[in-house]
Amino acid sequence: MNQFTAGLFLLIFLALPPVANLLESIMVVHMHMQMPLLVIAGFLMAKLVQERFPVFFENWNSNGVPGILLFIIIMVYWMIPRTMDEALTVQSVAIFKYISLPFLAGIPLRDSWKKLGDKSKNALIISFTVMFFAMGLLYIMSPEQLCNNYLIIEQITLGWGFITMAACAVVYLIYSAVVDPSDYV
Amino acid sequence: MEALKLNFQDKTNKALGINEEDALITKTYMLVAFTALLIGGTLGLLQGLNRAGLLELPVWFNYYQVLTAHGLLLVLVLTAFFTIGYFYAAMSHSLGGLLPKVRKMAWIGFGMKIVGFVMAVIPILLNQATVMFTFYPPMAASPWFYIGLVFIVLGVWMCAFGAFIQVANWRKNNKGQHLPIISYFATGVFVLLFFGSVPVAIEVLYIIPWSIGWIETINVMLARTLFWAFGHTLVNIWYLTALSAWYVVVPKIIGGRRFSDTLTRLVIILLVIMNIPGGFHHQIVDPGIAESVKYMHVFMSLAIGFPSLMTAYAMFSVFEKTARKKGGTGIFAWFKKLPWGDVRFLAPMIAMIAFIPGGAGGIVQSTNQLNQVVHNTLWVVGHFHLTVGTTVVLTFFGISYWLIPYVSKRVLTPKINKLGVITTLIWTAGMSFMAIAMHWVGLLGSPRRTSYTTYADNATALSWDPYLMFLAVGGTLLMIGVLLQVYAVVHLMFFAPKGETEFPIADVEDNASKTPMWTESWGRVVVLLLLLVAMGYVIPLVEFIGNAPPGSPPFQTW
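Residues numbered from 1 in each chain as written. Chains lettered and ligands numbered in written order. Predicted model: local features only at pLDDT ≥ 70, side-chain atom pairs only at ≥ 80, totals over all residues. Heavy atoms only, no water.

Caption draft 1: Quick look at the overall build of chain B. A tally of regular secondary structure across chain B gives 16 helices and 0 strands. The C-alpha radius of gyration of chain B comes to 23 Å, within 12% of the 24 Å expected for a compact globule of 558 residues. Once the C-alpha set of chain B is aligned to its principal axes, its extents read approximately 70 × 50 × 45 Å. Burial analysis of chain B (558 residues in total) assigns 60% to the buried set. Sequence separation of 24 or more characterises 85% of the internal contacts of chain B that already satisfy a separation of 6 or more. About 21,800 Å² of surface is accessible on chain B, with carbon and sulfur atoms providing 71% of the total. Treating the 34 positive side-chain charges of chain B as one cloud and the 22 negative ones as another, the clouds have centres 9 Å apart. (Helix = DSSP H or I, 4+ residues; strand = E, 2+ residues; numbered from the N terminus. Rg over C-alpha atoms; globule rule 2.2 N^0.38 Å. Buried < 20%, exposed > 50% of the residue type's maximum accessible area, 1.4 Å probe, protein only. Contact = heavy atoms within 4.5 Å. Areas by Shrake-Rupley, 256 points an atom, 1.4 Å probe, with all protein chains shown as cover. Lys, Arg positive; Asp, Glu negative; His and termini not counted. Charge placed at Lys NZ, Arg CZ, Asp CG, Glu CD.)

What follows is the structure, given as C-alpha cells:
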C-alpha cells in the first residue's frame, strides 16, 4: 500500500458516519484526534500530488512560506470554538472540514516543511506552543459554555488537552536546545 | 585518545569477562531476587493449599496477609531486582564496564529499595497493611507501608538515572555507532521504569497524608487510575526484559543469528511509546469513564499486541533458519534440531509458547464484553500466572543459568543443566495445572482474592472444589520448582567449578541491512511517550477531578 492509498483510506475511514460520530462525541477527541488525523491523511496523500503537479508547487510555494501560512490559517480557524460547533450542525461546514484539513493543511504542510529552515521550523513550533497555552487557558477559564454541542466539563478537558500538548512541545524544544545530537551520533 | 582508551577497556572487558565490582552488583541483586522467589513461592504454596480447603491459616497470619506478601515479593521484589541486576550486567558487558559514579548509584538505589522494602514488610507482618499488592483505596494500610513504597520507587529511579548516565557517556565516546542492542533494551526498560513509576509516586504521595489523617478523604478513581498507569507499565517492563533475552540471547544459544536489528529496535520503541495508557484496560468495569472513552482505550491496548505479533514472527523465523542450517527439514521436523536439552534454550522457549495462550487471554480481558464474564474471577489470576509466572519467570530462570556463572566466573556443569531442564519441566507442569484450573474455575464464577469458603455449602461454590484441588497440586509442584531453582542459583553462584562463561549476544546476519540512525533519537521517543500519555489520561483525569465525588475516608476492612 503506498502512502496515497493509505491517506485516502484514512480519510474515508474517518468520514464513515459511525467513526465520525464516535470521534465527534468527545470534544477533545474531535479537535485533537480527528482533526490531526485528517491533516495526517492529507500529509500522506501529498506525495502523489507533489509528483503530479511539481510546477504548481514550484510556482506557488517555492520557499515554503505560502504553504505554511495556508496551514496556519486553516489550523487556527479550526481552533475557534464556533467553527467546531458549526461543523456539527451545518452540513456544508462539515464538508469544508473534511476538505480543508487534508487538502489545505496536510498537503501544504508536507510541501513546505522541507523547504523551511531550522529557524522557521522552531519559530513555528514555538508559536504553536504559545498558542496552545493561550487556547488551553481560554478553554479552562471560560465560565461560559463556548460550544452549544459540548458541556463545560468537556471544554475544560479540551483546555487541558491543549496545555499537555504544549507541555510536550516545551519538553521537545528544551531537548533540542540542550542536547546536541552531534555529541552522540 | 579517550575513545581509544575506552575501546581498549571494552575489549579487555569482553576478553576477561565482567570486572569484580560490577559483578558484585549483579550478584547481590540476583541473591535478593531469588530469596524473594523462595519466600514468595512458599507463601504461594500456603495460599494454594488454603484455596483448595486443605489448610487453615492461623489468625495471626491470615490468607490476605499471605496474599499481600506473595504479590509484593514476586511482582515487585523478584522482578525489579532481577531486571536491574540483569541489565546492569548487560551494560557492564556491552558498554565497557560501569562508570564508578554509576556503580555508586546502583548501590545507593539498592540500599533505598531494601530500606523501603523492610518498611513495607513490617506492617504487612503486623497485619496493618493487608491491602494486596494493588493497595486500592479506600482500604488504608499503615502509613509506613506507603512510605516504604516511596523509598522503593526512589531506589528504582536511582538505578534508572545511573543507566541513563552510563548510556549517554558511551554514546558521547562512540559517535556514529548504534547503542549495542542489549543496552538498547536496557535503555527502553529504564525509560519505562522511570516514567511508569511517576504516577504511582504521585498516588502514594496523595495516600500518605490521607492514611495519616491529615486529609480526610481520597478520590478513589483517581488513585486507581494512577496505580494502573504504573501497574500496566510494570507488566510490560517484565515483558521487555524477557524480549531482550529472546531477541538477543536465545539466537546465540541455538547457534543462530539475530533477526533484523531495525525491527528489534522498532519493537522496543513501540512498546515504550504505547505502554502507559494501556493501564486503562485494567479499569474496564470501573465507573466514571465514558463508554466511548473505554472503547478507544481498547484500541490503545490492542495496539500493544502488534509488536508482540512481530516478535512471534521474528522468533520462529530465527528458529527455523537456524534449524535448517543445521540440517533440519520438513514443515515441522526441523523443530527436532533445536537444542531442547539445553536449559538456556528450553526455559525461554517454553516461556514463549506460554505467551501464546497468555496473550490470547489478555486480549479477552481487554475486550469489554468478554471482560464482563471473567472480571475479578480466578481467570485473571490464571492469566497472570501464565504471563508473569511462566513467560517472564521461565525466561528469568533461563537467563540465570548463564548470567550467574558469568558474574561469578564459574561454569554451568552438565549436571546443573540437567537439573535446570527438570526444574523447567516441573515448573511447566505445575503452572499448567494451576493456570488451566484457575482459568476454568474463573469461568465458572469462582472469585479471586477470596480465602477458601463454601458459601454455606452452596452447590455452585462446592462445584469449584475439584478445580481448586488441581490448583493446589500445581502449587505443590511449583514449590518443588522453586527449591530446585534456588538451589541451582546458589550452586552456580558459590560452588560450581571456576571457569569463564560468556555473555551470549548473537550477531546480525552477514547481509543485514543498515539500521537507520533515527532509532537512536531517545528524546523524540520520550516526547511521543508523553504525548500518548496526554492522549490517554487527559479525558478521564479531568472528569475524575472536575466532577469528583466527596471522596472516601480510610477503611480497614480486615
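Caption draft 2: Representation of helix α12 (residues 378-408) of chain B in the model. All names here are of chain B. Along its length, α12 shows its largest kink, about 40 degrees, at Ser400. In terms of burial, α12 is largely enclosed, as 30 of its 31 residues are buried. Phi turns positive, to about 55 degrees, at Lys409, one or two residues after α12. (Bend = angle between axes of the 7 residues up to and from the residue.)

Caption draft 3: Structural context of the environment of Pro123(B). All names here are of chain B. Its place among the elements puts Pro123 in helix α4 (residues 100-125). Remark: the alpha-carbon pair of Pro123 and Tyr146, spanning 23 residues in sequence, is separated by 10.0 Å. Contact partners of Pro123, with chain neighbours within four places excluded, come to Gln128, Ala129, Ser142, Trp144 and Phe145.

Caption draft 4: Local environment of the packing of helix α2 (residues 20-51) of chain B against helix α15 (residues 465-495) of chain B. Residue and element names in this part refer to chain B. With their axes 9 Å apart at the nearest point, α2 and α15 run at an angle of 160 degrees to one another. Overall, the two elements α2 and α15 adopt an arrangement that is roughly antiparallel. The chirality of how α2 crosses α15 is left-handed. Residues belonging to the contact of α2 with α15 are distributed by class as follows: 17 nonpolar, 6 polar and 2 charged. (Axes fitted to C-alpha atoms, helices over the stretch in contact; angles between N-to-C directions. Parallel < 35°, antiparallel > 145°, perpendicular 65-115°, else oblique. Left-handed = near helix turned anticlockwise from the far one by under 90°. Nonpolar A, V, L, I, M, F, W, Y, C, P; charged D, E, K, R; others polar.)

Caption draft 5: Fine view of the pattern of salt bridges. Residues and elements named next belong to chain B. One pass over the full model with this rule turns up 14 salt bridges over all chains. Across the pair Arg171 and Glu520 runs a salt bridge whose closest N-O atoms are separated by 3.9 Å. Within this pair, whereas Arg171 is found in helix α5 (residues 143-173), its partner Glu520 is found in the loop between α15 and α16 (522-546), the two being separated by 349 residues in sequence. For the pair shown, Arg171 and Glu520 are each scored as buried. When the shortest N-O distance is used, the salt bridge between Asp261 and Arg265 registers 2.8 Å. Taken together, the residues Asp261 and Arg265, both in helix α8 (residues 261-274) and 4 residues apart, mark about one turn of the helix. Taken individually, Asp261 and Arg265 each receive the classification buried, so the pair is uniform in this respect. When salt bridges that share partners are traced, they join Arg171, Arg258, Asp261, Arg265 and Glu520 into one network. (Salt bridge = Lys/Arg side-chain N within 4 Å of Asp/Glu carboxyl O.)

Caption draft 6: Up close: the interface of chain B and chain A. Residue-level contacts link 27 residues of chain B with 22 residues of chain A. Carbon and sulfur atoms supply 81% of the area that chain B and chain A bury against each other, a total of about 2,000 Å² over both sides. On the surface where chain B and chain A come into contact, there are 0 salt bridges. Counting across the interface, chain B meets chain A through 1 residue pair in polar contact (both at pLDDT 80 or more). (Buried area = accessible area lost by both parts, 1.4 Å probe. Polar contact = N/O pair within 3.5 Å; in protein donor to acceptor, adjacent residues only side chain to side chain.)

Caption draft 7: Region of the structure containing the packing of aromatic side chains. Taken as a whole, this structure holds 54 aromatic pairs over all chains when the rule is applied. Here the aromatic rings of Tyr139(A) and Phe162(A) are separated by 5.8 Å at their centres, their planes lie at 10 degrees, and the arrangement is stacked. With Tyr139(A) in helix α8 (residues 118-141) and Phe162(A) in helix α9 (residues 152-178), this residue pair connects regions lying 23 residues apart in the sequence. Here the aromatic residues Phe34(B), Phe82(B), Tyr86(B), Phe87(B), Tyr88(B), Phe190(B), Phe396(B), Phe397(B), Trp402(B), Tyr406(B), Trp427(B) and Phe503(B) are joined through ring pairs into a cluster of three or more. Of note, Lys113(B) hangs over the ring of Phe81(B), and the distance from its end group to the ring centre comes to 5.1 Å. The cationic tip of Arg224(B) hangs over the ring face of Tyr136(B); the distance from NZ or CZ to the ring centre is 4.1 Å. (Phe/Tyr/Trp six-rings, centres within 6.5 Å; stacked < 30°, edge-to-face > 60°. Lys NZ or Arg CZ within 6 Å of the ring centre and 35° of its normal.)

Caption draft 8: Summary view of the nonpolar core. Residue and element names in this part refer to chain B. Formed by 218 residues in total, the largest nonpolar core has its most connected members in Tyr86, Tyr88, Phe135, Phe145, Phe190 and Phe319. With 20 residues, helix α3 (residues 63-94) is the largest single contributor of residues to this core. Apart from the residues within four sequence positions on either side, Phe190 is in contact with Ile84, Phe87, Tyr88, Met91, Cys159, Ala160, Ala163 and Phe164. (Core = buried A, V, L, I, M, F, W, Y, C linked by side-chain atoms within 4.5 Å.)

Caption draft 9: Quick peek at the side chain of Asp261(B). Residues and elements named next belong to chain B. Judged by relative accessible area, which is 11%, Asp261 ranks as buried. In this structure the side chain of Asp261 is engaged in a polar contact, spanning 2.9 Å, whose partner is the side chain of Arg258. Apart from the residues lying within four places of it in its own chain, the contact partners of Asp261 are Ile181, Val508 and Thr515.

Caption draft 10: Summary view of a nonpolar patch on the surface. All names here are of chain A. A grouping of Leu70, Ile95, Phe96, Ile99, Phe103 and Leu104 is seen on the molecular surface, where their side chains present a nonpolar patch of about 460 Å² in accessible area. The greatest single-element share of the nonpolar patch, amounting to 5 residues, is contributed by helix α7 (residues 91-113). For Leu104, the location among the structural elements is in helix α7. Leu104 sits in the partly exposed class, given a relative accessible area of 32%. (Patch = residues over 30% accessible without salt bridge, like charges linked within 9 Å, V, L, I, M, F, W, Y side chains within 5 Å.)

Caption draft 11: Just the packing of helix α7 (residues 220-253) of chain B against helix α10 (residues 343-366) of chain B, in detail. Residue and element names in this part refer to chain B. Two elements in contact, α7 and α10, have axes whose closest approach is 10 Å; the angle formed by their N-to-C orientations is 135 degrees. Taken together, the axis directions place α7 and α10 in an arrangement best described as oblique. Regarding α7 and α10, the two cross each other, and that crossing is left-handed. Only Arg344, Phe345, Pro348, Ala351, Met352 and Phe355 of α10 make contact with α7, whose side of the interface consists of Tyr239, Trp246, Val250 and Ile253. Of the residues assigned to the contact of α7 with α10, the class counts are 9 nonpolar, no polar and 1 charged.

Caption draft 12: Molecular detail of unusual backbone geometry. Residue and element names in this part refer to chain B. Between Pro137 and Pro138 the backbone carries a cis peptide bond, its omega angle lying at 10 degrees. Structurally, the position occupied by Pro138 is in the loop between α4 and α5. One non-glycine residue, Asn127, lies in positive phi territory at about 60 degrees. Within the secondary structure, Asn127 sits in the loop between α4 and α5. Positive phi outside glycine occurs at Arg449, with the angle close to 50 degrees. Relative to the assigned elements, Arg449 resides in the loop between α13 (414-443) and α14 (459-463). The partly exposed category is assigned to Arg449, whose relative accessible area is 24%.

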